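Structure at a glance
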Amino acid sequence: MAEAADFQGTPSPARRWLRRTGALLAGAPLLAGLMQLPAAAPAQAAGSDTVSVALDSLSPSAPADGDTLTVSGTVTNDGKQAVTDAQVDLRVGAQLSTRSAIESAAQHPDDLQSSLGTAVGGKYTESFDSLAPGVAEHFSLSVPVDKLDLGQDGVYQFGVSLSGQTAAQPWDQVLGIQRTFLPWQHSEADTKTKATYLWPLISTVHVTAKTGAGELQTPVFLDDDLTKEISPGGRLAQMLALGKDLDVTWVIDPDLLASVDAMTRSYRIQGAGDTTTAGTHQAVAKQFLADLQNAVADKEVVALPFADPDLASLAHNGTSVTGSLSHLKDATDVATTTVQTVLHVTPNTDFAWPVNGAVDPSIIKVATSAGADKVIARSDSLQETGGLSYTPSAARPIGGGTTAVVADARLSTAFEGDLTKADSATLAVQQFLAQSLALNDQTDKQRSIVVAPQRMPSASQAQAMATAITALQDSNWSQFQDLAAAAKDKPDPGATTKIPSSSAYPSSLRKQELPRTAFEQIARTQDKLDNFQVILTNQSRVVTPFGRAIDREMSTSWRGGGSEADSFRTGVESWLDSLTDQVKLIDKSETKLSGRSATIPVTVQNNLVQGVGHLVLRLTSTMPTRLEIGGKPYYEQRVEVSGGHSQSVKFSTSANANGRVEVIAQLYTEDGQEYGDPVRFDVKVTEVTPTVMLVIGGGVLLLVLAGFRMYTQRKRAAARQAEEGDGPDTAGDDTPDAPNAPDAPESDGAEGTGGPGNPDAGDHRHQGESEARSGADDPEQPSDPTPDTAPESTDPSGTGERVDR
């Protein structure tokens, strides 16, 4: 009871001192024991990861019986204290039986918390007395494969670790590790996977729509970047050098071939403003093409449509713009010709390749619209839904006679990272081979697998790809097959054939697509080209470079470069506008007509190097009651102008009243489309005065009166003859060829009835005077069939007419 009271109340100072002293004495042995436990410290150090291990090479990548495995790399002390008694060990981990397990293990290759595996030990280690902070040390170890104690065939985790001590942690511990995979197939597999690896030779857009004015039409390049790619050591040069010794299917953009081929002759490089400089790398281009011809001579070549058009952009944003699909068909048609001309091989054009193999119904429809009946998709887009325990063959019938060739996503994306460092490339190669072997071990059923890597691998990525393919060619579980054969293989009945919906298309890819406005601009440029080419005498000089430029405007290579794509499209359209403006009407100032009729010249200028024709020039009067063109409100004349020349076209006009009239000159193509801008000018009529009009009206009135008088005289003469008993056989007044003529009319003093401008006016006057003297009893003469006023000439006005421009 006393103890209870003490705990419930406030303890005395003496009691507090006794309790504290007792607690310290009781805890002292426990604290001393904890300080002497060495096992807890390494566990803490294991998470510090003070040393980084880089695995720079592993050879052979896929060892077999009797091989010696050589591993090299570097170890770097990333801590602040020196590492002593350092030792590099090789470690063999657990076997990984599934592809997903390999993928999971690859996500944390340097994690010290995961299983480290068993150290090979013995003489297959390398020691360092000390590793100074920040210092990297190279290592190289070789071990016979049979010393690794590998069991059955399959994929094993394999690592390189460094253990040692630091001043703060003076006990042996693993301070860093790098894991990778060791594919182990000691003998020929009973069933080998048939593997197809695509080797893409694709670049960005390099050639503009501009060409020189000479007969050779010297092409103009955007920049000189293509020279860097095809020169020795360049990206494309390395792709070519590596690919020539590999069992691969070459996938080529014909635009690349056309661009390099153009470099073998005279070419220019676009500079600031409108300036250009001469290209000087013809020898490099010739060597690249010669090497490529040799490399593909006995290989399968798949040609993409010219300039590798973006099928997804076209499907999602271009099909609603009239004419967009026609460009894809044109790009496909020109592909075969280009490859045959440059490489002297006949390519396969049956395949379409959307970006990253991502498909939906609209992409499939567009991809096959130009004649391709096989679409290269990818398994992360066309995903399996049937619950298969293995990866099925690539070929899938998806309806309408179309085959989807589904590339394996894990293998296809194995080399997309930054592989500029040797250790990154080595890990990528080993993971690729591990996935390939695990895929082969899934089933005894032989399958066809396709690998479709990124379109434009970097040089380091290409080197890693080549290393992996070489190892695959020498492996015991894989054999090469070309793409056409893979597409024809019997499809797996359990594999999915359902195309994913449009909503499943990756948003990250959709954001990179060409917008609808891009296709609207392409359509506008095509309309201008169609209107321009009909007037040309040599259409190919314009249609070919602009047709290829329009293909380039749709290129997949513009993804991620929206502003560059906009600039290129604008440049193409602007250059076409500048060419069409070379054929135009020359502006006219006010024109004065100094008479009732005159000719008006309109000048057509052609600054192109070739002639133009099939043009119609129309001159229109806005006030035809005041001024007529060729007797009509407007008049048209055909126009043909030689290259570098001008031609004046003359139009006859007639004025009915004084004043100012606006006249419009407009060129048209033969199919009725307006060509170029109209030219408007005023015509001022200055000499059709009221006096002149009065004289003209009076002359007409006198002619009418004279005709009436002659008619009445003939009627009286006929009446007298009837009274004198003449017979009915006497010539009547309406018979011009009668033997007797009626009396001539008497003169009524209207000598000027011929009117001004009538060349026969004098003859009529003298004839009238003679008839007046003959008297009423003289025999009548036949009437003059010639009209009193000569008809107005329709020929252009003579030299007496004056037209002021």
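One structure accompanies this document, and this report is about it. (Residues numbered from 1 in each chain as written. Predicted model: local features only at pLDDT ≥ 70, side-chain atom pairs only at ≥ 80, totals over all residues. Heavy atoms only, no water.)

**Observations concerning the side chain of Thr-249**
Relative to the elements of secondary structure, Thr-249 occurs in strand 12 (residues 249–252). In this structure Thr-249 comes out as buried when scored by relative accessible area, which is 0%. When neighbours within four sequence positions are excluded, Thr-249 is seen to be in contact with Thr-196, Tyr-197, Leu-198, Trp-199, Glu-300, Val-302, Phe-480, Asp-482 and Leu-483. (Helix = DSSP H or I, 4+ residues; strand = E, 2+ residues; numbered from the N terminus. Buried < 20%, exposed > 50% of the residue type's maximum accessible area, 1.4 Å probe, protein only. Contact = heavy atoms within 4.5 Å.)

**Some points on the packing of aromatic side chains**
Throughout the structure, instances matching the rule amount to 6 aromatic pairs. Look at Phe-415 and Phe-432: their rings are 5.4 Å apart centre to centre, the planes differ by 40 degrees, and that puts the pair in the tilted class. Within this pair, whereas Phe-415 is found in the loop between helix 12 (409–412) and helix 13 (422–440), its partner Phe-432 is found in helix 13, the two being separated by 17 residues in sequence. Its relative accessible area of 1% is what places Phe-432 among the buried residues. Both rings, one in Tyr-635 and one in Phe-651, keep their centres 6.4 Å apart while their planes meet at 85 degrees; by these two values the pair is edge-to-face. (Phe/Tyr/Trp six-rings, centres within 6.5 Å; stacked < 30°, edge-to-face > 60°.)

**Some remarks on unusual backbone geometry**
Going from Ser-59 to Pro-60, the amide bond is cis rather than trans, its omega being -5 degrees. Despite not being glycine, His-344 has its phi angle at roughly 65 degrees, a positive value. Here His-344 is to be found in the loop between helix 10 (324–343) and strand 16 (351–352). In this structure His-344 comes out as exposed when scored by relative accessible area, which is 58%. The backbone of Asn-356 shows a phi angle near 55 degrees, a positive value even though the residue is not glycine. Along the chain, the position of Asn-356 falls in the loop between strand 16 and helix 11 (361–369).

**Examining the pattern of salt bridges**
Counting across every chain of the model gives 29 salt bridges. The partner of Lys-445 in a salt bridge is Asp-492, and the shortest N-O contact between them spans 3.1 Å. Of the two residues, Lys-445 is situated in the loop between helix 13 and strand 20 (448–451) and Asp-492 in the loop between helix 15 (483–488) and helix 16 (507–510); the sequence distance between them amounts to 47 residues. With a relative accessible area of 8%, Asp-492 lands in the buried category. Measuring nitrogen to oxygen at the nearest pair gives 2.7 Å for the salt bridge that ties Arg-524 to Glu-573. Remark: Glu-573 occurs in helix 19 (residues 562–580) and Arg-524 occurs in helix 17 (residues 516–533); sequence separation between them is 49 residues. Judged by its relative accessible area of 39%, Arg-524 falls in the partly exposed class. Here the salt bridges share partners, and the residues they tie into one network are Arg-524, Lys-528, Glu-573 and Asp-577. (Salt bridge = Lys/Arg side-chain N within 4 Å of Asp/Glu carboxyl O.)

Read these as spatial facts, not as claims about activity.
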